[in-house]
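# Commentary on secondary and tertiary structure
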Amino acid sequence: MSSKSPKIAALLKVLIAEDNIVDRKMIESMILRQASLIQCVETLSQALLELQKNTYDVIVLDLNLSDSQGQNTIKTLSSEFPETAIVINTGVYEDDLGIETLSMGAQDFLVKGKYGAYALQKVLHYAVERKRFERELKKVNADLQSAQAQLIQSEKMKLAGTLASGIAHEVKNPLSTITYAITFLSQHLKSDDPNILSAVENIRISVDRSVGIINDLLDFSKLNTVNLVSEDINEITNKVISLLQYEL
């Protein structure tokens, strides 16, 4: 295998979380020319503090640190710093554990003593790229879910419009008959009894209010198909109150 460094333009910011000084120095020497920043820590708590202070592209992580062991180490880091790529640096007999970490938030894993500088540099860069792809996929998925929700809402509004149109047709006809009857009674009723006159007027007001509610319902159902224009906030508020007046 060639010992040349991979030709990758972007230099990485690397955090090494390793409590074995020999392993730590070895990793640091292997990536010295491929990193713009290298910081070494010995514990998980130190790693968390360092990640709060500085932004890193990738973490080279030993799972068995003095203050954190096994799966809890990667779970803590991946949950608190989900934007940072993680490469697990496992022991010789921890291949299975390394594979398991890929489902816990790690982008790749290495087995101590089984890799050289070239392999390490490639793994770090590929891990950063995988993390970038993960972020892009999450964004695409979120956009698709948003579009799906908007489509569902649009279909609901169309259905509401269809129902509102049907209701308006069925209700407006009898209301028109009542309106005609009230107008006829008002013109031909020969009575000075204030109670009768008040009752007739109340019927007319109620019919007008019912027609107004139906029109507001039709307007609401067409919100997805009409061009919205600026309206007086007081008028809008009054319309909303009229629709909810019974419940209020």
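Further up the page is the structure itself.
Residues numbered from 1 in each chain as written. Predicted model: local features only at pLDDT ≥ 70, side-chain atom pairs only at ≥ 80, totals over all residues. Heavy atoms only, no water.

### Considerations on helix H2 (residues 44-53)
Those residues of H2 lying buried are Leu44, Ala47, Leu48, Glu50 and Leu51. Looking straight down H2, one finds its buried side chains confined to an arc of 165 degrees; they lie on one side. Set apart from the buried face of H2 by more than 90 degrees, the exposed residues are Leu49, Gln52 and Lys53. In the core, the buried residues of H2 are packed alongside strand E1 (12-17), strand E2 (35-41), strand E3 (58-61) and helix H3 (71-80). (Buried < 20%, exposed > 50% of the residue type's maximum accessible area, 1.4 Å probe, protein only. Helix = DSSP H or I, 4+ residues; strand = E, 2+ residues; numbered from the N terminus. Arc of directions from axis to C-beta. Contact = heavy atoms within 4.5 Å.)

### Notes on the pairing of E1
Among the six residues in E1, five count as buried, and that is most of the element. Sheet topology note: the E1/E2 ladder contains six bridges and is parallel. For isoleucine 16, the partnering residue across the bridge sits in E2 and is cysteine 40. This β-α-β element, E1 to helix H1 (residues 21-30) to E2, shows right-handed connectivity. (Pairing = 2+ DSSP bridges. Right-handed = clockwise from strand over helix to strand, strands pointing away.)

### With respect to the side chain of serine 68
Within the secondary structure, serine 68 sits in the loop between E3 and H3. Only 2.7 Å separates the side chain of serine 68 from the side chain of threonine 73, close enough to count as a polar contact. Setting aside chain neighbours within four positions, we find serine 68 in contact with Leu44, Leu63 and Thr73. (Polar contact = N/O pair within 3.5 Å; in protein donor to acceptor, adjacent residues only side chain to side chain.)

Everything listed is a geometric property; what it means functionally is a separate question.
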